[in-house]
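Architecture at a glance
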Amino acid sequence: MRTVNEVSKITGVSIRTLHYYDEIGLLHPSEITEAGYRLYDDTALERLQQILLFRELEFPLKEIKSILGSKKFDRKKALEQQIELLILKKEHLEELIEFAREIQSTGEIIVDFTAFNNEKIEEYKKEAKKQWGDTAVYKEFEAKDSMRSNEERQKMGNELMDIFAEFGKVKHLNAGDEKVQALVAKLRKNITDNWYNCDNNILAGLGQMYCAGGELTDNIDKVGGEGCAEFCAKAIEIFTA
């Protein structure tokens, strides 16, 4: 058995995120001591590995929970995908290291961006997601996304981050303020128009994910300022109550 602190250290997943996974029923601790400490056994750690794989494939937490709970879930196939994805990332990293060393050794400017191309990784993610994405929300996303160009996807992503930047400008207000709540409505409309139907349940889940730590939280705080992700989560919680 490992404590939540030990699991956080060996996996890189924050304690806050592990607590949140417990709250939403994605990853429960194997045991809770009388003192209230969460303990995780090997089975729980294996499930966490599976969760992290699907996070690498950019599945939202709600979809991951649905996949892991499905009778169609194939642990062996998921592990094979994890290995393949890690190999692709390793190869990509080795190419970047080799490229950087070449610049270092020659001292010359090399106008070649081949080493930065992660198309193989993104294509693998896309194909892997097709194998698991059988839920209604994911199918809706796939249907919309299949008709978009990379430029359109980039534009959509920028528009979404612009909304978070707007949250950053009003985070001095109360999260329940009319202006803030109007931004939550704007956020939900953006997601529904561009990604999938974002009802209050999905929006509430997204709000928790925004402040759960990791790259997404960091990106929101980057455009909206420190604490923006947590402010957004609070505003969404009020909106969906």
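This is a predicted model, so every value here is computed, not measured.

Details of the side chain of Thr217
- By the secondary structure assignment, Thr217 is in helix H11 (residues 215–224).
- Take Thr217: its relative accessible area is 9%, and that puts it in the buried class.
- Only 2.6 Å separates the side chain of Thr217 from the backbone oxygen of Tyr210, close enough to count as a polar contact.
- Apart from the residues lying within four places of it in its own chain, the contact partners of Thr217 are Met209, Tyr210, Cys211, Ala212 and Ala229.

Considering the confidence of the model for the protein chain
- Looking at the protein chain, the pLDDT average stands at 81 and 83% of residues meet or exceed 70.
- Across the protein chain, the secondary-structure element scoring lowest on mean pLDDT is helix H6 (residues 119–132), at 63, and the one scoring highest is helix H12 (residues 228–240), at 93.

Description of the environment of Phe54
- Take Phe54: it is sitting in helix H3 (residues 42–56).
- Owing to a relative accessible area of 0%, Phe54 belongs among the buried residues under this scheme.
- C-alpha separation for the pair Phe54 and Gln81, spaced 27 residues apart in sequence, amounts to 9.7 Å.

Points about the pattern of salt bridges
- A complete count under the given rule lists 5 salt bridges for this structure.
- Arg16 is paired through a salt bridge with Glu230; the nearest N and O atoms lie 3.6 Å apart. Taken as a pair, Arg16 in helix H2 (residues 15–23) and Glu230 in helix H12 lie far apart in primary sequence, 214 residues in all.
- On the basis of relative accessibility, which here comes to 48%, the residue Glu230 falls in the partly exposed class.

The rules we used
- Residues numbered from 1 in each chain as written.
- Predicted model: local features only at pLDDT ≥ 70, side-chain atom pairs only at ≥ 80, totals over all residues.
- Heavy atoms only, no water.
- Helix = DSSP H or I, 4+ residues; strand = E, 2+ residues; numbered from the N terminus.
- Buried < 20%, exposed > 50% of the residue type's maximum accessible area, 1.4 Å probe, protein only.
- Polar contact = N/O pair within 3.5 Å; in protein donor to acceptor, adjacent residues only side chain to side chain.
- Contact = heavy atoms within 4.5 Å.
- pLDDT = per-residue confidence, 0-100.
- Salt bridge = Lys/Arg side-chain N within 4 Å of Asp/Glu carboxyl O.

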